[in-house]
Every structure is written in structure tokens, then in C-alpha cells.
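# Coordinate inspection notes
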Amino acid sequence: MLAVDVLLLVTLLTGHLGSLAYPVFHWQTDGSYDFRPLSSMLAAGGLVFILAAAFVLAVSFFFSILIKEFWGASIATIFVIVSGAFVKQLWFLPVGYLNIGQTVDGYPFLNHFSNSLWLPAGVLLSDTLLIALAGWSLLKWKRGL
């Protein structure tokens, strides 16, 4: 571990740190591709990551209210997260956008009508709010009984 740290330190001191203008492969809706700067891809990835994390937290919150056992709620949440890798990419399903790499590089938009991040951001945000509201309502209803 120390050897790797020393190697990284020497590389950082003697080499370049890289460039945020480095071109990154990006798909277009017509099947063609172009290159975007790394900085825009990192910003888009950060936005999608934050929204995906909020969605997962909302799902976990909902399952923790619905299922009293810790392991049951955890397994249900993990099932939702893993289902994103197996569910067909449909524009209205938020689990497909949990694959942040594909979402940012534009791959899911090859069969859809949009090539911007507003679609996954809107879907993730709206579904997060709906699930959180449903969980809050369920919690209020259970406490009222």
C-alpha cells in the first residue's frame, strides 16, 4: 500500500494532473456520437448521482415504514437498486437511471426523444418526491391508528 502511495505521489509531482477539457465519448439520439469535455460530464454525473442517491434514500425510507424488519426493508431496497441493471430502459422508470455512467454518456437516450439530462433529472426528482410523500403519508396514517 505504501508503494502505491509513493508511486501516486511521484506521478502527481512529476506528471500533469490532467485536463478538465479532456474529450469524452457521448451518444446522440440519432445513433451518432460526439465528444464532450470531461468537466461537463463530471458535472452531469454529480447531478445524476445526487438525484439517484436521494431516490434510493426515499425508497429505503418507504420500505422501512412498510416493512418493520430491518433485513426485509434492506433486501427490498437492494432489489430496487439491482433491478436498474435488469429492467429495460424506459424513460419513465427511475431505476434505469441508477446506472449513472450510461445515463451521463447519453446511451439511454438512443431510443428516447431527448438527449439532455433534464429527462433523468426530472424523473428521478419527481419519483423521489412522490415516494417520499407516499412514505410520509403512510407514516402519518400508521401513527394515527
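Above: the structure in question.
These numbers come from a predicted model, not from an experiment.

Moving on, we come to the nonpolar core. In this structure, Phe 55, Phe 63, Val 80 and Leu 124 are the most contacted members of the largest nonpolar core, which totals 20 residues. Mapped onto this core, the elements with two or more residues apiece are helix H2 (38-66), helix H3 (70-86) and helix H5 (118-144). With 8 residues, H2 is the largest single contributor of residues to this core. Excluding its chain neighbours within four sequence positions, the residues that come into contact with Leu 124 are Val 48, Leu 51, Ala 52, Phe 55, Pro 94 and Tyr 97.

On the surface, a cluster of positive charge is contributed by Lys 68, Lys 140, Lys 142 and Arg 143. Here Lys 68 shows up in the loop between H2 and H3. Lys 68 sits in the exposed class, given a relative accessible area of 65%.

Before going further, it helps to spend a moment on the pattern of salt bridges. Evaluation of the coordinates by the stated rule reveals 1 salt bridge. Of the charged contacts in the structure, one is a salt bridge between Asp 34 and Arg 36, with a shortest N-O distance of 4.0 Å. Overall, the relative accessible area of 26% leaves Asp 34 in the partly exposed class. Classification of Arg 36 as partly exposed rests on a relative accessible area of 28%.

Another aspect to go through is the environment of Met 41. With respect to the helices and strands, Met 41 occurs in helix H2. Take Met 41: its relative accessible area is 10%, and that puts it in the buried class. Here the alpha-carbon distance between Met 41 and Leu 20, two residues 21 residues apart in the chain, equals 9.5 Å. With residues near it in sequence (within four places) discarded, Met 41 still touches Val 24, Phe 25, His 26, Arg 36, Val 104 and Asp 105.

Conventions adopted
- Residues numbered from 1 in each chain as written.
- Predicted model: local features only at pLDDT ≥ 70, side-chain atom pairs only at ≥ 80, totals over all residues.
- Heavy atoms only, no water.
- Core = buried A, V, L, I, M, F, W, Y, C linked by side-chain atoms within 4.5 Å.
- Buried < 20%, exposed > 50% of the residue type's maximum accessible area, 1.4 Å probe, protein only.
- Helix = DSSP H or I, 4+ residues; strand = E, 2+ residues; numbered from the N terminus.
- Contact = heavy atoms within 4.5 Å.
- Patch = residues over 30% accessible without salt bridge, like charges linked within 9 Å, V, L, I, M, F, W, Y side chains within 5 Å.
- Areas by Shrake-Rupley, 256 points an atom, 1.4 Å probe, with all protein chains shown as cover.
- Salt bridge = Lys/Arg side-chain N within 4 Å of Asp/Glu carboxyl O.
- Lys, Arg positive; Asp, Glu negative; His and termini not counted.
- Charge placed at Lys NZ, Arg CZ, Asp CG, Glu CD.

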